[in-house]
Amino acid sequence: GAVVSQHPSWVICKSGTSVKIECRSLDFQATTMFWYRQFPKQSLMLMATSNEGSKATYEQGVEKDKFLINHASLTLSTLTVTSAHPEDSSFYICSARDGSGLAYNEQFFGPGTRLTVL
Amino acid sequence: QQQVKQSPQSLIVQKGGIPIINCAYENTAFDYFPWYQQFPGKGPALLIAIRPDVSEKKEGRFTISFNKSAKQFSLHIMDSQPGDSATYFCAATTSGTYKYIFGTGTRLKVLA
């Protein structure tokens, strides 16, 4: 149980285009989802926290107009990178928290999406 | 105060050895400390986690030691195998925020 999927697993796009990444909790309801960014050989950097049905909370330094997050249901959150540029190339990882409260504080991570902007 | 300091940055051990990875924190409000394993190109996977009311927790070959007074916790991998070669991250969080603060990661290589 507690599986989180991401789609696509990798994407290559041209500079200036927008890219949408989906994060789904497959077998539990995720009241809270998190989006991370990870550069090569570095740690995970939290970008934003989203709660179902409400606006995402962005970490300091993260442009909310560039990284649009939607958490429309208890099983789906999306991250849209708008007007992508080469410096946005990174590994994007989502995680989800089980809203049932049985998994104390635990976040379940997706497999990640590799974004390359040409 | 929100940082979690992790060491060493990298570690090489022989098969069967016991690598130890250490983490230290300042925020005494942290009340959940998970360890994650990450292989290249994959998302992190939970290995084991501990709460501050316990000084040690074992799950299979993985053990967390927790020292509340020193604000430190460590991961021990017993009988390490080449398949354990990965990057390990410690994290800390506070109930209510549920936001994880990650350590900087330790790249472990287990030689056959």
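A quick note: this is a predicted structure, and the numbers were derived from the prediction, not measured.

Thresholds applied
Residues numbered from 1 in each chain as written. Chains lettered and ligands numbered in written order. Predicted model: local features only at pLDDT ≥ 70, side-chain atom pairs only at ≥ 80, totals over all residues. Heavy atoms only, no water. Disulfide = S-S within 2.5 Å. Helix = DSSP H or I, 4+ residues; strand = E, 2+ residues; numbered from the N terminus. Buried < 20%, exposed > 50% of the residue type's maximum accessible area, 1.4 Å probe, protein only. 1 Å grid on protein atoms, 1.4 Å probe; cavity = no way out; pocket = protein on both sides within 12 Å on 5 of 7 lines; lining within 4 Å. Points joined across faces, edges and corners; volume = space filled by probe spheres on them. Nonpolar A, V, L, I, M, F, W, Y, C, P; charged D, E, K, R; others polar. Pairing = 2+ DSSP bridges.

Trainee: Quick rundown of the state of the cysteines? Include the residues and the values.
Mentor: Across all of its chains, the model carries two disulfides over all chains by this definition. Covalent S-S linkage joins C23(B) and C90(B), the inter-sulfur distance amounting to 1.9 Å. One quick way to see it: the torsion about the S-S bond of C23(B) and C90(B) is about -95 degrees, and its sign makes the bridge left-handed. With C23(B) in strand β3 (residues 20-25) and C90(B) in strand β9 (residues 86-92), the pair connects residues that are 67 residues apart, well separated along the chain. Across the pair, exposure class does not vary: C23(B) and C90(B) are buried alike. Between C13(A), a free cysteine, and C94(A), which holds the nearest cysteine sulfur, the sulfur-to-sulfur gap is 18 Å. Note on C13(A): relative accessible area 9%, which makes it buried.

Trainee: Residues and numbers for the layout of surface pockets, please.
Mentor: Rolled over the atoms, a probe as big as a water molecule pinpoints where empty space is left. When its volume is computed, the largest pocket comes out at roughly 480 Å³. Lining of the largest pocket is provided by 22 residues; of these, Q38(A), K41(A), Q42(A), Q38(B) and T87(B) occupy positions nearest its centre. Elements with a contribution of two residues or more to the lining of the largest pocket: β9 and β11 (106-111) of chain B. The residue inventory of the lining of the largest pocket, partitioned by class, reads eight nonpolar, 10 polar and four charged. Along its surface, the second largest pocket is lined by 17 residues, and L44(A), M45(A), L46(A), I101(B) and F102(B) are the ones closest to its centre. For the lining of the second largest pocket, the secondary structure elements donating two or more residues are β5 (44-51) of chain A together with β10 (101-102) of chain B. The element that contributes the greatest number of residues to the lining of the second largest pocket is β5(A), accounting for three residues.

Trainee: Residues and numbers for the pairing of strand β11 (residues 113-117) of chain A, please.
Mentor: All names here are of chain A. Every second residue of β11 is oriented toward a common face, the buried set being T113, L115 and V117 and the non-buried set R114 and T116. Bridge analysis of strand β2 (residues 10-13) against β11 gives four bridges, and the strand direction is parallel. Bridge pairing in β11 places W10 opposite R114. As judged from the three bridges shared by strand β9 (residues 90-98) and β11, these two strands associate in the antiparallel manner.

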